[in-house]
Amino acid sequence: MDRETMMKAMTASISEVLETMFFLTVDVVPAEKGGLDTGPGSDEIAVRLDFFGPICGCVYLQVPASLAEEISADFMGVDSMQVTPEQMRGTVKEMVNMLTGNTLSVYDPDAVFDISVPEIVAIGKDPIGDLVADTTIRLNLDTLSDRMVMALSASDKEKIDV
């Protein structure tokens, strides 16, 4: 994986997807360490999405629940008081799906990637903190009110047939 090219693809995709689909402006800041508080009682939604192709890996996205509620309401065009926890999880899953697909197509427009179904990551573990540093790009996505964290961890292995 060409880190610089991937980081540019991630940044372009974050701006495009979050502004267009979720009406959310963010400042993208590279981060060396640290996700959100994933300890017991933390108030966040964390998702993981695996991808396979010329490079294989996964994308993690962590979103504070209060921000997920706001984004979900805007995405669905409803009042935030009407948004359920299941809808919030669904919105964050859709967000990581769009971000991953867009990032990979910007990174290598001619490649074919298979993308898995997004999964909720259990609270109490910081999956982003466990990723190998030299194969992982971590970005803080700062909004006016909060911070999301996105990480992409990849390897240059051939596609694994499952």
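Report on the accompanying structure. As the structure is a computational prediction, the values presented were derived from the model and not from experiment.

**Observations concerning the packing of aromatic side chains**
Part 1 of the reasoning: Under the criterion given, the structure shown has two aromatic pairs.
Part 2 of the reasoning: Judged by centre distance (6.3 Å) and plane angle (75°), the rings of F51 and F113 are edge-to-face. Placement of F51 in strand β2 (residues 44-52) and of F113 in the loop between α3 (85-107) and β4 (114-115) is noted, with a sequence separation of 62 residues between them. Each member of the pair, F51 together with F113, is buried.

**Remarks on the environment of V17**
Part 1 of the reasoning: Here V17 lies in helix α1 (residues 3-22).
Part 2 of the reasoning: Taking the C-alpha atoms as reference, V17 lies 6.9 Å from M98; in sequence the two are 81 residues apart.

**Section: the side chain of T100**
Part 1 of the reasoning: In this fold, T100 is placed in helix α3.
Part 2 of the reasoning: For T100, the side chain forms a polar contact with the main-chain oxygen of V96, separated by 2.8 Å.
Part 3 of the reasoning: Sequence-distant contacts of T100, that is, excluding residues within four places in its chain, are made with L49, F51, V59 and I115.

**Thoughts on the pattern of salt bridges**
Part 1 of the reasoning: Per the counting criterion, the structure on display carries four salt bridges.
Part 2 of the reasoning: Between R89 and E86 there is a salt bridge; the shortest N-O distance is 2.8 Å. Pair noted here: R89 and E86 are both in helix α3, with a separation of three residues, about one helical turn.

Reading the values: the criteria
Residues numbered from 1 in each chain as written. Predicted model: local features only at pLDDT ≥ 70, side-chain atom pairs only at ≥ 80, totals over all residues. Heavy atoms only, no water. Phe/Tyr/Trp six-rings, centres within 6.5 Å; stacked < 30°, edge-to-face > 60°. Helix = DSSP H or I, 4+ residues; strand = E, 2+ residues; numbered from the N terminus. Buried < 20%, exposed > 50% of the residue type's maximum accessible area, 1.4 Å probe, protein only. Polar contact = N/O pair within 3.5 Å; in protein donor to acceptor, adjacent residues only side chain to side chain. Contact = heavy atoms within 4.5 Å. Salt bridge = Lys/Arg side-chain N within 4 Å of Asp/Glu carboxyl O.

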